[in-house]
Amino acid sequence: MHLGFGVFGASFFCEDPSWMPGQSKAAWQEITSNGLGKPETLSAKEIDNGNIWIVNDLIEAIEKDRAPLDSIYDGRASLEMILAVYESHKQDRPIELPLKSRKHPLAGW
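Here is a short report on the structure shown in this document. (Residues numbered from 1 in each chain as written. Predicted model: local features only at pLDDT ≥ 70, side-chain atom pairs only at ≥ 80, totals over all residues. Heavy atoms only, no water.)

## Considerations on the environment of Arg 102
Note on placement: Arg 102 falls in the segment after helix 3 (72-91). Take Arg 102: its relative accessible area is 63%, and that puts it in the exposed class. For Arg 102 and Glu 80, which are 22 residues apart along the polypeptide, the C-alpha to C-alpha distance reads 9.5 Å. Polar side-chain contacts of Arg 102 include one of 3.2 Å to the backbone oxygen of Leu 99. (Helix = DSSP H or I, 4+ residues; strand = E, 2+ residues; numbered from the N terminus. Buried < 20%, exposed > 50% of the residue type's maximum accessible area, 1.4 Å probe, protein only. Polar contact = N/O pair within 3.5 Å; in protein donor to acceptor, adjacent residues only side chain to side chain.)

Written out as structure tokens, the structure reads:
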């Protein structure tokens, strides 16, 4: 998977069990708001306003007394995955989730 930058940066997926993109015949498929390999129907302006979507969802969640689409727990899980990448590099081995150590992996480097 290749993830672009920004709220909806261009992202692509290559289903290649040999993991040799570029050397194999497996094709990269774009990932859009409509799904894998489906054309993007949102305009550039709509795509660039991702933060507005987030704020509008938060406001609606407060008004309707519901949880936001992305919760604090989703944020925590995302951060834990990022920290696991650093910890894996630091220990030079795969790291299991949930992390056993709550110490930031970059502390003390």
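Let's pick the thread back up.
## Structural notes on the sheet that holds strand 1 (residues 2-3)
On the basis of which strands lie adjacent, the open sheet formed by 4 strands has the order 1-2-3-4 and antiparallel pairing. Strands at the two margins of the open sheet, each flanked by one partner only, are strand 1 and strand 4 (35-36). Note: strand 1 against strand 2 (residues 11-14), 2 bridges, orientation antiparallel. Looking across to strand 2, one finds that Leu 3 is bridged to Ser 11. (Pairing = 2+ DSSP bridges.)

## Re the pairing of strand 2
Within a regular strand, side chains alternate between the sheet's two faces. Both strand 2 and strand 3 (residues 28-32) contribute to a ladder of 4 bridges, which runs antiparallel. Directly across from Phe 13, in strand 3, lies its bridge partner Gln 29.

## Here we look at the side chain of Thr 32
Along the chain, the position of Thr 32 falls in strand 3. The contacts of Thr 32, once residues within four sequence positions are left out, are Lys 38, Pro 39 and Glu 40. (Contact = heavy atoms within 4.5 Å.)

## So, unusual backbone geometry
Note: most residues except glycine have negative phi, and most peptide bonds are trans. Leu 97 connects to Pro 98 through a cis peptide bond whose omega is 0°. Position of Pro 98 relative to the elements: it lies in the segment after helix 3. Unlike most non-glycine residues, Asp 65 shows phi in positive territory, near 50°. On the basis of relative accessibility, which here comes to 72%, the residue Asp 65 falls in the exposed class.

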